[in-house]
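Topology and contacts: notes
Residues per chain are reported as follows:
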Amino acid sequence: ESYDMGGHDTYMHKEIHEQADAVDRALRGRIDDRFSTVHLGGLNLDAREARAVRRVKILGCGTSYHAGQIGAQMIEELARIPADAEPASEFRYRNPVVDPDTLYIAVSQSGETYDVLAAVQELKRKGARVLGLVNVVGSAIARETDGGIYVHAGPEVCVVSTKCFTNMVVSFGLLALHLGRTRDLSVADGKRILAGLRKLPAQIEEILANEAQIEELAKEYADAKSMMFIGRVRGYPVAREASLKLKEVSYIHAEAYPASELKHGPLALIEPAMPTVAIVPDDELLEKNRAALEEIKARSGRILAVAHSVQEKADHTIVVPKNEHELDAILMGIPLQLFAYYTAKAMGRDIDKPRNLAKSVTVE
Ligand code: AGP
């Protein structure tokens, strides 16, 4: 391949480090300070149509599905439209009720994933309005949808998606702000979210500057046979994506659970050989998350927290800069991309081409 590696040993490392620039690209030319909103040229949805949306359903696979889960939460929070995400691979097979007042969004890096494309075609056949949130310009899903948002992450070569996930989540933030401002999101809140979005590239650089600490932690936890990832509400899809990243690239078994579900079963797994990675944002659930850490500590579980401040109950904390609470999920997964990378490196894995996986799954 002809891309310049710029001193990076793998595409995964290179692409993780491209994220501040990638996010900057996703924002460029889209911010509209005059109306405290964003301008999304290709959306093909006027204000009247945006206001008529009663539900949002997001469809994607793997990492893109996880980005969609965060996106759904952002849309509910900022636009107050009921929203959820579902794996496109399942959606098609359960004979879903297709509702004309629902806005469907297909999310895909490659724009060629068969399961997503087939879901789009099924929706279109039933008369639904489908937008795309896609990275590759002119790809099949971009062409098949009625409009959408290009996430502008740039080419992603590593099979394991990193910068594209971040740009997808940022793009969902833009869409949520846009939908919110056609409804009840105030000018003041619009301004606050715009300021938060603008801060992201510098905050990403801040996280990446902490790479040496993350490398050390990855070496320390690389002996684990299995790891638990937990989070609540905004932190839960972050935990799911981080656990997928670790599995894909290191082959360490990992499970992701809402922290609130631990006591309903998975707590039985906790012991010193099963470390937990906990996503602990400084939000309205902080005390509840701390209580979960105590439960784990009481069972002698090792804990690595990703948090906005050092967590006493954790053995280690990676501190991440705080943004607006609606946008925090964008940043909290980034150190765990590096964690997965360094764990895989310590284990001598084929980082850019993990076994059994392909960059783009164009078959069923
Ligand atoms: C990401 O790390 C994965 N390799 C995989 O889950 C991927 O996100 C999924 O196959 C969907 O691909 P797409 O975004 O190109 O549609």
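Residues numbered from 1 in each chain as written. Predicted model: local features only at pLDDT ≥ 70, side-chain atom pairs only at ≥ 80, totals over all residues.

1. So, the nonpolar core
In terms of nonpolar packing, the biggest core is built from 121 residues, with Ile75, Ala106, Ala278 and Val306 touching the most fellow members. Broken down by element, this core gets its largest block of residues, 11 residues, from helix α8 (residues 163–181). (Core = buried A, V, L, I, M, F, W, Y, C linked by C-beta atoms within 7 Å. Buried ≥ 20, exposed ≤ 12 C-beta atoms within 10 Å, placed from the backbone. Helix = DSSP H or I, 4+ residues; strand = E, 2+ residues; numbered from the N terminus.)

2. Overview of the sheet that holds strand β11 (residues 303–307)
Spatially, five strands are ordered β9-β8-β10-β11-β12 in an open sheet, and the strand pairing comes out parallel. The two strands at the open ends of the sheet, each matched to only one other strand, are β9 (253–258) and β12 (316–319). Shown here is a sheet whose adjacent strand axes are inclined to one another by a mean of 20 degrees, direction ignored. Bridge count between strand β10 (residues 276–280) and β11: five bridges; the pairing is parallel. Paired with Val277 across the bridge in β11 is Leu304. (Pairing = 2+ DSSP bridges. Axes fitted to C-alpha atoms, helices over the stretch in contact; angles between N-to-C directions.)

3. What about the site of the ligand?
Residues in close proximity to the ligand total 16 residues, the closest being Gly62, Ser108, Gln109, Ser110 and Thr113. At three residues, the largest contribution of residues to the shell around the ligand is made by helix α4 (residues 62–79). Considering only residue class, the shell around the ligand consists of six nonpolar, nine polar and one charged. (Near = placed C-beta within 6 Å. Nonpolar A, V, L, I, M, F, W, Y, C, P; charged D, E, K, R; others polar.)

4. Remarks on helix α12 (residues 286–298)
Along its 13 residues, α12 runs 18 Å from first to last C-alpha, staying within 8% of the 18 Å computed at 1.5 Å per residue. Asn289, Ala292, Leu293 and Ile296 are the residues of α12 that are buried. What you see down the axis of α12 is that its buried residues fit within an arc of 100 degrees, all on one side. Exposed side chains of α12 directed beyond 90 degrees from the buried face belong to Glu287, Glu294 and Ala298. Considering only its buried residues, α12 is in contact with β8 (226–231), β10 and β11. Just downstream of α12 lies Ser300, where phi reads positive at about 60 degrees. (Expected span 1.5 Å × (residues − 1). Arc of directions from axis to C-beta. Contact = placed C-beta atoms within 7 Å.)

5. Quick notes on unusual backbone geometry
Positioned with a positive phi, Ser36 is a non-glycine residue whose angle comes to about 50 degrees. Residue placement: Ser36 occurs in the loop between β1 (31–32) and β2 (37–38). Positioned with a positive phi, Tyr251 is a non-glycine residue whose angle comes to about 70 degrees. Tyr251 sits in the partly exposed class, given 15 other C-beta atoms within 10 Å.

6. Quick look at the environment of Ile58
You can see Ile58 is positioned in strand β3 (residues 55–60). Residue classification places Ile58 among the buried residues on the basis of 26 C-beta atoms within 10 Å. Sequence spacing of Ile58 and Ala88 is 30 residues, and the spatial spacing of their C-alpha atoms is 8.4 Å.

7. Quick word on the sheet that holds strand β5 (residues 102–108)
Overall, parallel pairing links the five strands, which are arranged β4-β3-β5-β6-β7 in an open sheet. Where the open sheet ends on each side, the last strands, each with one partner, are β4 (83–87) and β7 (148–150). Each neighbouring strand pair of the sheet contributes to a mean axis angle of 20 degrees, computed without reference to strand direction. In this structure, β5 lies alongside strand β6 (residues 129–134), joined through six bridges in parallel fashion. Residue pairing for β6: Ser108 is matched across the bridge by Val134. Where α4 meets the sheet, it contacts β3, β4 and β5, and its direction lies at approximately 170 degrees from that of β4.

8. Considerations on the confidence of the model for the chain
Averaged over all residues, the pLDDT of the chain equals 95, while 99% of them reach at least 70. Interface predicted TM-score (ipTM) for the complex: 0.97; the corresponding pTM is 0.96. (pLDDT = per-residue confidence, 0-100.)

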